[in-house]
Each structure stands twice: as C-alpha cells, then as structure tokens.
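Close look at the chain arrangement
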Amino acid sequence: MIPIEPPLEEPQEFPLLGPAVIVLAAYAILAVTLPANLVRSIVALGAFFSMGYAMLALVVDGHVRLSAAEVLAFTVGLTVLFTSLSALAVSIIGIPITEFAIVIIGLPVGVLAWLLRRPRTRAFTAVRRFSRTFFDFSDYSRGEKGIAAILLVAITIALGAFISLAFVHYPDIPTTGLAITWPDFANPDSFNGTFVLGQPQNITVTALGNATGGSFTLRIRLVTVNWTGNGTCSAPGPGQTRFNCTTQTSPLRMLPFTQYNDTIAVAAGGVASRSFSLIMDARGRYELRFELLDASGALVKNEIPVRVP
C-alpha cells in the first residue's frame, strides 16, 4: 500500500511587499529632497515598518505559516530590532546614526525581499483578507470577546495619546549664558586675540538671562596662561591670589591679575550687552576672562587667549 502523503502546505505569502518597497523608495526620495516636516515623518514611520515587514518575508521564506496577528507582531518586533541594528551598523563604518540608516539598509532589504518573495496576491485583496482575519473573534467565547474588545480599545486610546504627544510644544527653559564679540565679529581675522601694547581694543560682552533674570555681577580678569587658582581683591588667604581691582571704566587698562567688576541687569530670557575698551599694558601671553555671577555665586564664564607681542 502506498502511503498517502499529506498535501503540501502553501508557502507563506507577503502580498504587501510591493507597497512596502514603494514606501521605502518614497522615503529615500523625501529624505534627500525635503527638510524634516510632518509628511516626511509620516512616510518615515511607514518606512520603518516596511523594513520590518520585508525582513520578516526574508526570514520566514515560506517555511512557516503565520496568522495575521503573528505577521503584525513579528513585523513590529523586527522593525525595532532591525532599525537599531541598522543604525549601529552604519555608525560602525563611520556614518552617523541618523534616519538615513533606513535608506542605506532598509531599501536594499525591501528590494531583495520583493525579488525573492514576489507576491501573487493583489495588495488590496491582501489588506481586506488581513483585516477580516485579524478581527475575526468567531472562535472566542463571550467573555473572551469582551476582554479582546477592552484590550483593543485600550491599545487604540494609548496609541492615540502617544502620537498626540508629538504635537505638544514644550517651552524652552533658558539658561544663563555669556558671549563675547568685537566690532567686526563676522570677520574671524579681524581679531585673533592679539593686542597691540598700549592700543585699545573694543570688545562687547552679551549676557543671556535665565528663566528668572535679575542683576548679575560681570567680572573681567586678566590672568596668566593656565592659571586655575582662587583670587580675591581683599587680603588673600592660603592658596589665593591677590587681584588688583580697579574701578576705571573706559578705557580699562589691564595688567596681569587685574580685575574689573560691573553690574548688568538681564530680563528673564532676555539679552543685555555691554561694550568695553581694553588696553594691555604688559607683554606676554594671558587669558582674558569674562565671568558672570548671580546672587548665589554661580558662575558662567567665557575667555579669550590673549597675546601681547
């Protein structure tokens, strides 16, 4: 007697490979031609899942039968895994971790999957069949149907809330900052830190206010290169350096360890500028430090290497 062999199981089809490759190609074009915007972000999201879907088609290769829910679950899982691995792979070869990992790796994977697993079912028919089988609860009891309905509603609400966070704009919290410019700041060669002995150089100091603003102490110091100690205008203690504090305003004549204090008021999140004319009265290499102190003594500083030939 010849044994009756069981009928061969039809290979698993992935009829959405064509649309997946189209989405990946569309994102590759948008990523190069358009700046970041809402449309590009939506296509990017589709491209991520298209890459996971194409990878699933290559992995399964017709040997495993998957239900609609399993296809969806494995697509999401492979999307997360393969996106992370793609970003890591391109970073190892020297390409920064950006969205272009999808273009570099995702598009070739999608094209390869489509060539090897070219679908025979129309995409529209596949989507209709997928939706019908995915939401088919005919084998569930009444209690199981109720639980499934509650879970689907909860997942939908959570997904909607998560996506809506992308449209929430959080105000920036400004922090205190200090910038230094000079009259021809746009021309980098107009001032390279070299002072002519005895000749004035105009420098503008701009203070950036934090969330509360207030009155700040602006301190200008000329110190030797790589000086890291503590300094004071009064009698110095152990390990401290005595600074020569001056009240001269314009021009401000600077010698090593000269200090000048001024007060500057900055509105919350605002900007306040003050211009100074400085004269170097000693040859050598120094650091010209601009320091901004608040009432608590917190310090923000900026400095310029100074050379006086």
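For the structure, see preceding data.
This structure is a prediction, so every number in the text was calculated from the model and none was measured. (Residues numbered from 1 in each chain as written. Predicted model: local features only at pLDDT ≥ 70, side-chain atom pairs only at ≥ 80, totals over all residues. Heavy atoms only, no water.)

**Some words on helix α1 (residues 17-33)**
Between the first and last C-alpha of α1 there are 24 Å, a value that for 17 residues agrees with the 24 Å anticipated at 1.5 Å per step. Residues of α1 that are buried include every one of Leu17, Gly18, Ala20, Val21, Leu24, Tyr27, Ala28, Leu30 and Ala31, and no others. (Helix = DSSP H or I, 4+ residues; strand = E, 2+ residues; numbered from the N terminus. Expected span 1.5 Å × (residues − 1). Buried < 20%, exposed > 50% of the residue type's maximum accessible area, 1.4 Å probe, protein only.)

**Remarks on the sheet that holds strand β3 (residues 214-224)**
Reading across the sheet, the five strands line up as β6-β8-β3-β10-β11 and stay open at both edges, with mixed pairing between neighbours. Each edge of the open sheet carries a strand with a single partner, namely β6 (244-246) and β11 (299-308). Across the sheet, the axes of successive neighbouring strands diverge by a mean angle of 25°, strand direction being ignored. Where strand β10 (residues 284-293) and β11 come together, 10 bridges link them in antiparallel fashion. When the bridges of β11 are listed, glutamate 287 appears paired with proline 305. (Pairing = 2+ DSSP bridges. Axes fitted to C-alpha atoms, helices over the stretch in contact; angles between N-to-C directions.)

**Here we look at the side chain of arginine 289**
Here arginine 289 lies in strand β10. Side chain to side chain, arginine 289 and glutamate 287 meet in a polar contact 2.9 Å long. (Polar contact = N/O pair within 3.5 Å; in protein donor to acceptor, adjacent residues only side chain to side chain.)

**Concerning unusual backbone geometry**
Phi at asparagine 226 is positive, roughly 65°, even though this residue is not glycine. Tracing the sequence through the fold places asparagine 226 in the loop between β3 and β4 (230-232). Judged by its relative accessible area of 61%, asparagine 226 is exposed. At phenylalanine 257, a position not held by glycine, the phi torsion is positive, near 65°.

**So, the sheet that holds strand β2 (residues 200-208)**
With mixed pairing, four strands are arranged side by side in an open sheet as β1-β2-β9-β7. Both outer strands of the open sheet, β1 (177-181) and β7 (252-254), are each paired with one neighbouring strand and no more. Strand after strand, the sheet turns through a mean of 35° between neighbouring axes, direction not considered. Taken together, the nine bridges between β2 and strand β9 (residues 271-280) define a ladder with antiparallel strand orientation.

**Some words on the pattern of salt bridges**
When their charged atoms lie close together, side chains carrying opposite charge are able to pair. As enumerated under the stated definition, the model contains five salt bridges in all. Here glutamate 291 ties to arginine 219 by a salt bridge, and the two come within 2.7 Å at their closest N and O atoms. On the criterion of sequence distance, the pair formed by glutamate 291 in strand β10 and arginine 219 in strand β3 is long-range, its members being 72 residues apart. The exposure class of arginine 219 is buried, given its relative accessible area of 16%. Glutamate 303 serves as the salt-bridge partner of arginine 289, at 3.6 Å between the closest nitrogen and oxygen. (Salt bridge = Lys/Arg side-chain N within 4 Å of Asp/Glu carboxyl O.)

**With respect to the state of the cysteines**
Scanning all chains against the criterion turns up one disulfide. With its sulfur 1.4 Å from that of its partner, cysteine 233 forms a disulfide with cysteine 245. With the S-S dihedral at roughly -70°, the linkage between cysteine 233 and cysteine 245 falls on the left-handed side. Here cysteine 233, found in the loop between β4 and β5 (240-242), pairs with cysteine 245, found in strand β6; they are 12 residues apart in sequence, far enough to count as distant. By relative accessible area, which is 26% here, cysteine 233 ends up partly exposed. When its relative accessible area of 33% is taken as the criterion, cysteine 245 is described as partly exposed. (Disulfide = S-S within 2.5 Å.)

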